[in-house]
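Topology and contacts: notes
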Amino acid sequence: MGTLIVVEGLDGAGKRTMADTLTTRWEADGRTVATMAFPRYGESVHADIASEALHGEHGDLRSSAYAMAMLFALDRRDAADAIRDLLATHDVVLLDRYVASNAAYTAARLGESADGDAVEWVARLEFDRFALPVPDRQILLGTDPELARARATSRAADDESRALDAYERDTALQHATFAVYRDLVARSWRSPWTAISDSDDAVLHTLV
Ligand SMILES: Nc1ncnc2c1ncn2[C@@H]1O[C@H](COP(=O)(O)OP(=O)(O)O)[C@@H](O)[C@H]1O
Ligand SMILES: Cc1cn([C@H]2C[C@H](O)[C@@H](COP(=O)(O)OP(=O)(O)O)O2)c(=O)[nH]c1=O
């Protein structure tokens, strides 16, 4: 049975880059690594509708924090068997965003903290009702919100398919989400967490 590791952080924090770095290192150490990124755009109708809503489609769908979170959760529910299959056949399964993204962004949208109703609702829906595998470890990429925003903005300027969505444009939401993430780390929410900077080389070797 493989180890389920999740990379979390703000938009532009460097999650994809970190996932690539970790995969390269673990494979060089002889481990088999499978990766998956949420939302699964192009593979999940729920993920695609969420993205479209964040880019201005589907009327007032985006205005409901719970409706948006439900779409992201349904995307993961459809992937649960695939995650279990990957865990059966690989040493490490590395996820770029997972359930904690829904917990952090939804609580932040509603002005709640990590001990509020939204975080509890996400856990019950995704881990209990949808029976999604619980991570063995979650990593918070603690990139400062201003730096993450600058990176997301420059990426959007270079690549029109990465145009900033409603959450990425919302600086207050990014700061609030970062605060909830730090609270999730402090509470060891659903797993042990490691908070790292995006250049924390020493810690990277201790993760698996
Ligand atoms: N450690 C780093 N130092 C400088 N730039 C970085 C670093 N990590 C990522 N970036 C750049 O920041 C941008 C966002 O990184 P990415 O990994 O796509 O973030 P995320 O997946 O969290 O949205 C990309 O343009 C990437 O090249
Ligand atoms: C996976 C996930 C993402 N989100 C948010 C975080 C992001 O602001 C937004 C889109 O995800 P993101 O990973 O930023 O996708 P991309 O940069 O490729 O468009 O959705 C949630 O609120 N809940 C979730 O479960």
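Note that the coordinates shown come from a computational prediction; the quantities given were computed from them, not determined experimentally.

**Quick notes on the side chain of Glu168**
- Among the structural elements, Glu168 can be located in helix 7 (residues 166-169).
- For Glu168, a relative accessible area of 10% gives the class buried.
- Of note is the side chain of Glu168, whose polar atom sits 2.8 Å from the backbone nitrogen of Asp165.
- Those residues in contact with Glu168 that sit more than four places away from it in its chain are Asp11, Arg149, Arg155, Ala163 and Gln174.

**Focus on the packing of helix 3 (residues 65-89) against helix 5 (residues 117-129)**
- For the pair helix 3 and helix 5, interaxial distance at closest approach is 11 Å and the crossing angle is 30 degrees. On the basis of the axis angle, helix 3 is roughly parallel to helix 5. Where helix 3 crosses over helix 5, the two elements pack in a sense that is right-handed. From helix 3, Tyr66, Ala69, Met70, Ala73 and Arg76 reach across to helix 5, where they touch Asp117, Ala118, Trp121, Leu125 and Glu126.
- Considering only residue class, the contact of helix 3 with helix 5 consists of seven nonpolar, no polar and three charged.

**Observations regarding the pattern of salt bridges**
- By the definition in use, this model includes nine salt bridges.
- Arg76 is the partner of Glu126 in a salt bridge, and the nearest nitrogen-oxygen pair spans 2.6 Å. Here Arg76 lies in helix 3 and Glu126 lies in helix 5, a separation of 50 residues in the sequence.
- The class for Arg76 is buried, based on a relative accessible area of 3%.
- The partner of Arg84 in a salt bridge is Asp81, with the nearest N and O atoms 3.4 Å apart. Of this pair, Arg84 and Asp81 both sit in helix 3, separated by three residues, roughly a single helical turn.
- A relative accessible area of 53% places Asp81 in the exposed class.
- One network of salt bridges, in which partners are shared, links Asp115, Asp183 and Arg187.

The rules behind the values
Residues numbered from 1 in each chain as written. Chains lettered and ligands numbered in written order. Predicted model: local features only at pLDDT ≥ 70, side-chain atom pairs only at ≥ 80, totals over all residues. Heavy atoms only, no water. Helix = DSSP H or I, 4+ residues; strand = E, 2+ residues; numbered from the N terminus. Buried < 20%, exposed > 50% of the residue type's maximum accessible area, 1.4 Å probe, protein only. Polar contact = N/O pair within 3.5 Å; in protein donor to acceptor, adjacent residues only side chain to side chain. Contact = heavy atoms within 4.5 Å. Axes fitted to C-alpha atoms, helices over the stretch in contact; angles between N-to-C directions. Parallel < 35°, antiparallel > 145°, perpendicular 65-115°, else oblique. Left-handed = near helix turned anticlockwise from the far one by under 90°. Nonpolar A, V, L, I, M, F, W, Y, C, P; charged D, E, K, R; others polar. Salt bridge = Lys/Arg side-chain N within 4 Å of Asp/Glu carboxyl O.

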